[in-house]
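# Examination of the molecular architecture
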Amino acid sequence: MLGLGVDRLRADMNRLLAMLFHQGVLDEQFLQLQQLQDESSPNFVSEVVNIYFQESEKLLRNLRELLMDKEFSDYKKMGIHLNQFIGSSSSIGAKRLRNVCVAFRAASEQHNRTGCLRALELLEHDYCYLKNKLHELFQIEQQRILAAGVRYPIQQIN
């Protein structure tokens, strides 16, 4: 009985991942990140992704602050933030976000404030979508681990 729950949860995870790949939200870099996770670091992917989300929130806030400034003209600074976002998105396999950032950077390089505002709106939307879907994936993964009865060694905290 327990095995059926584990199999169902694994199938749910696979369906969700397949959907995210099909939609172009994730790419193979995410699978490579998953391959680095093992019994010695069972939460590796979620920890890396959580760091990504923390840094991305700062970048989104910085981009919004730059664009909301009526005297805005620092497209170079915006480009720096976007390059950071592109790099970090690429490193976790967030393909759609990386692509939105590339389009955002192109608008920035053309000093197209309206295009930048549209790109920021799309970036924030796609960011929330990715965050929600990966949160869902990690919840299913935790349920699967609990259902399988997997036990990880408890580390002593000194």
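- An unreviewed UniProt entry annotates the chain as Histidine-containing phosphotransfer protein of Rubus argutus.
- Of the chain, the UniProt comment under Function (unreviewed entry) reads exactly: "Functions as a two-component phosphorelay mediators between cytokinin sensor histidine kinases and response regulators (B-type ARRs). Plays an important role in propagating cytokinin signal transduction."

### Some points on the packing of helix H4 (residues 75-92) against helix H5 (residues 95-109)
- For the pair H4 and H5, the least separation of the axes is 9 Å and the interaxial angle reads 165°. Considering their axes alone, H4 and H5 lie roughly antiparallel with respect to each other. Here H4 runs over H5; the crossing is left-handed. From H4, Tyr-75, Met-78, Gly-79, Leu-82, Asn-83, Phe-85, Ile-86, Ser-89 and Ser-90 reach across to H5, where they touch Leu-97, Arg-98, Cys-101, Val-102, Phe-104, Arg-105 and Ser-108.
- Class assignment of the residues belonging to the contact of H4 with H5 gives a composition of nine nonpolar, five polar and two charged.

### A word on the packing of aromatic side chains
- The tally for this structure, following the rule as stated, stands at four aromatic pairs.
- On the numbers, 5.5 Å between centres and 55° between planes, the contact of Tyr-52 with Phe-53 is tilted. Of the two residues, Tyr-52 and Phe-53, neither departs from the other in class, the shared state being buried.
- With centroids separated by 5.6 Å and ring planes inclined at 85°, the aromatic side chains of Phe-53 and Tyr-127 adopt a geometry described as edge-to-face. Here the residue Phe-53 occupies a position in helix H3 (residues 44-68), and Tyr-127 occupies one in helix H6 (residues 113-148), the gap between them amounting to 74 residues. Summarising the burial analysis for this pair, Phe-53 and Tyr-127 share the class buried.

### Some details on H3
- Under the 1.5 Å per step criterion, the end-to-end length of H3 is 36 Å for 25 residues, consistent within 8% with the ideal 36 Å.
- For H3, the complete set of buried residues consists of Val-45, Ser-46, Val-49, Tyr-52, Phe-53, Ser-56, Leu-59, Leu-60, Leu-63, Leu-66 and Leu-67.

### Focus on the nonpolar core
- With 43 residues, the main nonpolar core has Met-78, Phe-104, Leu-123, Leu-130 and Leu-134 as its most contacted residues.
- Going through the elements one at a time, helix H1 (2-22), helix H2 (28-35), H3, H4, H5 and H6 are the ones with two or more residues in this core.
- Considering every element that reaches this core, the biggest residue donor is H6, with 11 residues.
- Leave out the neighbours within four places in its chain, and Leu-123 touches Leu-60, Leu-63, Phe-85, Leu-97, Val-100, Cys-101 and Phe-104.

Criteria and cut-off values
- Residues numbered from 1 in each chain as written.
- Predicted model: local features only at pLDDT ≥ 70, side-chain atom pairs only at ≥ 80, totals over all residues.
- Heavy atoms only, no water.
- UniProt positions renumbered as here; feature names shortened; annotations may be inferred.
- Axes fitted to C-alpha atoms, helices over the stretch in contact; angles between N-to-C directions.
- Helix = DSSP H or I, 4+ residues; strand = E, 2+ residues; numbered from the N terminus.
- Parallel < 35°, antiparallel > 145°, perpendicular 65-115°, else oblique.
- Left-handed = near helix turned anticlockwise from the far one by under 90°.
- Contact = heavy atoms within 4.5 Å.
- Nonpolar A, V, L, I, M, F, W, Y, C, P; charged D, E, K, R; others polar.
- Phe/Tyr/Trp six-rings, centres within 6.5 Å; stacked < 30°, edge-to-face > 60°.
- Buried < 20%, exposed > 50% of the residue type's maximum accessible area, 1.4 Å probe, protein only.
- Expected span 1.5 Å × (residues − 1).
- Core = buried A, V, L, I, M, F, W, Y, C linked by side-chain atoms within 4.5 Å.

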